[in-house]
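Report on the structure
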Amino acid sequence: MDLTITPDFQWDEKVHGWVEPFWILVEDGDGEFLLHHQYFLLKQAFAADEHSVTFTVPISEPLPPQYFIKARPPQPPAAAP
């Protein structure tokens, strides 16, 4: 699979620092199986750019009609004091 990631948020150095990590998760169409996971680091200098990621997922019969791809932060942001 070839995935293009386009960041869609305003970078705030106070919130994101110099780098923002994400987990890229690929699930089957039913959300029952995690087919691929990959750690992705978005650096501030490239926050406005598109990024390409290539990976493989296992294929089974019958072929699933779709895959779900999610990008999630590794943990929720800390609450402000």
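Residues numbered from 1 in each chain as written. Predicted model: local features only at pLDDT ≥ 70, side-chain atom pairs only at ≥ 80, totals over all residues. Heavy atoms only, no water.

1. So, the pattern of salt bridges
Evaluation of the coordinates by the stated rule reveals one salt bridge. As a salt-bridge pair, Glu27 and Lys70 come within 3.3 Å of each other at their nearest N and O atoms. Placement of Glu27 in strand β2 (residues 19-28) and of Lys70 in strand β5 (residues 67-72) is noted, with a sequence separation of 43 residues between them. (Salt bridge = Lys/Arg side-chain N within 4 Å of Asp/Glu carboxyl O. Helix = DSSP H or I, 4+ residues; strand = E, 2+ residues; numbered from the N terminus.)

2. Overview of the pairing of strand β4 (residues 51-54)
Residues His51 and Val53 line the buried face of β4, whereas the alternating positions Ser52 and Thr54 sit on a face that is not buried. Here strand β1 (residues 2-5) runs beside β4; their pairing, made up of four bridges, is antiparallel. Opposite Leu3, over in β4, you have Val53 as the bridge partner. (Buried < 20%, exposed > 50% of the residue type's maximum accessible area, 1.4 Å probe, protein only. Pairing = 2+ DSSP bridges.)

3. Notes on the environment of Asp28
Its location among the elements puts Asp28 in strand β2. Along the primary structure Asp28 and Pro64 are separated by 36 residues, whereas in three dimensions their C-alpha atoms are 7.0 Å apart. Beyond its immediate stretch of four places on either side in the chain, Asp28 contacts Phe33, Leu35, Gln66, Tyr67 and Phe68. Among the polar contacts listed, one links the side chain of Asp28 to the backbone nitrogen of Phe33, at a separation of 3.0 Å. (Contact = heavy atoms within 4.5 Å. Polar contact = N/O pair within 3.5 Å; in protein donor to acceptor, adjacent residues only side chain to side chain.)

4. Let's talk about the side chain of His36
Looking at where His36 falls in the secondary structure, it is placed in strand β3 (residues 34-43). For His36, the side chain forms a polar contact with the side chain of Gln38, separated by 3.0 Å. If we skip the residues at most four places from it in the chain, His36 touches Ile24, Leu25, Val26, Phe55, Thr56 and Val57.

5. Considerations on the confidence of the model for the protein
The predicted model of the protein has a mean per-residue pLDDT of 88, with 93% of residues at 70 or higher. Taking the mean pLDDT of every element in the protein, the minimum, 89, falls on helix α1 (residues 13-16) and the maximum, 95, on β4. (pLDDT = per-residue confidence, 0-100.)

6. Quick word on the nonpolar core
Counting residues in each nonpolar core, the largest one holds 12 residues, listed as Leu3, Ile5, Trp11, Phe22, Ile24, Val26, Phe40, Leu42, Ala47, Val53, Phe55 and Val57. Breaking this core down by element, the ones donating at least two residues are β1, β2 and β3. Ranked by the residues each element gives to this core, the list is headed by β2, at three residues. When sequence neighbours within four positions are dropped, the list of residues in contact with Val26 reads Met1, Phe33, Leu34, Leu35, His36, Phe55, Val57, Tyr67, Phe68 and Ile69. (Core = buried A, V, L, I, M, F, W, Y, C linked by side-chain atoms within 4.5 Å.)

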